[in-house]
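Summary of the model geometry
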Amino acid sequence: QYQLVESGGGLVQPGGSLRLSCAASGFTLDYYAISWFRQAPGKEREGVSCISSNGGNTNYADDVKGRFTISRDNAKNTVYLQMNNLKPEDTAVYYCAADYLGSCLYYGADYWGKGTLVTVSS
């Protein structure tokens, strides 16, 4: 089975930073757009950011623009989400998802990771 594995979550104080990683196992991410989703306690899953298969197009949810940056390193078969100036409302389980030949014009998901927990609290 194709696998996506998220890592980098943890406990951070408000205003701090974390970098999440999404690594593929069993396949290459070269042909996939990657989206980050998050689900906060008691809330629906929401799209956070996406990056197209060639890295040329990125999108961000309005409440993370200017704070989060998505990037990819196909040589490492990994996509990153750099999260700066974190707020308590960013607390959630963060998931990555792969969309075959995705352009990031919209969120798509063919394969999902199991998530990594980000907790922002003092």
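Residues numbered from 1 in each chain as written. Predicted model: local features only at pLDDT ≥ 70, side-chain atom pairs only at ≥ 80, totals over all residues. Heavy atoms only, no water.

With respect to the state of the cysteines
Rules: Only a pair of cysteine sulfur atoms within 2.5 Å counts as a disulfide in this structure description. Secondary structure elements follow DSSP: runs of H or I no shorter than four residues count as helices, runs of E no shorter than two count as strands, and numbering proceeds from the N terminus. Partly exposed residues are those whose accessible area sits between 20% and 50% of the maximum for their type, while under 20% is buried and over 50% is exposed, using a 1.4 Å probe and protein chains only.
Summed over all chains, the structure comprises two disulfides. Across the disulfide from Cys-50 sits Cys-104; the S-S distance is 1.8 Å. Residues Cys-50 and Cys-104 are joined through a disulfide that is right-handed, its torsion about the S-S bond being 125°. In this pair, Cys-50 is assigned in strand β5 (residues 46-51) and Cys-104 in the loop between β9 (92-100) and β10 (111-112), connecting sequence segments 54 residues apart. Judged by relative accessible area, Cys-104 falls into the buried class, the value being 2%. Taken in sequence order, the bonded cysteines of the chain link in the pattern 1-3, 2-4.

Re the pairing of strand β7 (residues 68-73)
Heads up, the rule is: For two strands to be treated as a pair, DSSP must find no fewer than two bridges joining them.
The two faces of β7 differ: Phe-68, Ile-70 and Arg-72 on one face are buried, but Thr-69, Ser-71 and Asp-73 on the other face are not. In this sheet, strand β8 (residues 78-83) lies alongside β7 in antiparallel orientation, the contact comprising six bridges. Residue pairing in the sheet places Asp-73 in a bridge with Thr-78 of β8. Counted along the chain from β7 to the antiparallel partner β8, the turn is four residues long, and its residue Asn-77 has a positive phi close to 55°.

A look at the sheet that holds strand β3 (residues 18-25)
Strand pairing in a sheet takes place through backbone hydrogen bonds and is either antiparallel or parallel in direction. Filter applied, for reference: Axis lines are fitted to C-alpha atoms, over the contacting stretch for helices. Their N-to-C directions set the angle, which ranges from 0 to 180 degrees.
Across the sheet, which stays open at both edges, the four strands sit in the order β1-β3-β8-β7 with antiparallel pairing between neighbours. A single partner strand is all that each edge strand has here, and the edge strands are β1 (3-7) and β7. Between one strand axis and the next, the sheet turns by 15° as a mean value, whatever way the strands run. The pairing of β1 with β3 spans five bridges and is classified as antiparallel.

Some points on the nonpolar core
The following threshold applies: Here, the term nonpolar core denotes a set of buried Ala, Val, Leu, Ile, Met, Phe, Trp, Tyr and Cys residues that are joined through side-chain atoms within 4.5 Å. Here a residue-residue contact requires only that any non-hydrogen atoms of the pair lie within 4.5 Å.
One finds Ile-34, Trp-36, Leu-81, Met-83 and Tyr-94 to be the most contacted residues of the largest nonpolar core, which totals 27 residues. Elements represented by at least two residues in this core include exactly β3, β4 (32-39), β5, β7, β8, β9 and β11 (116-120). Every residue in contact with Leu-81, bar those within four places of it in the chain, is listed here: Leu-18, Arg-19, Leu-20, Trp-36, Val-48, Ser-49, Phe-68, Thr-69, Ile-70 and Tyr-94.

So, the pattern of salt bridges
Condition: We define a salt bridge as a side-chain nitrogen of Lys or Arg found within 4 Å of a carboxyl oxygen belonging to Asp or Glu.
Counting across every chain of the model gives five salt bridges. Its salt-bridge partner being Arg-38, residue Asp-90 comes within 2.9 Å of it at the nearest N-O pair. Taken together, the residues Asp-90 in the loop between β8 and β9 and Arg-38 in strand β4 connect sequence positions 52 residues apart. Each member of the pair, Asp-90 together with Arg-38, is buried. The partner of Lys-65 in a salt bridge is Asp-62, with the nearest N and O atoms 3.4 Å apart. Note on Lys-65: relative accessible area 49%, which makes it partly exposed. Assessed through its relative accessible area of 66%, Asp-62 is described here as exposed. Taken together, the shared-partner salt bridges in this structure form one network comprising Arg-38, Glu-46, Asp-63, Arg-67 and Asp-90.

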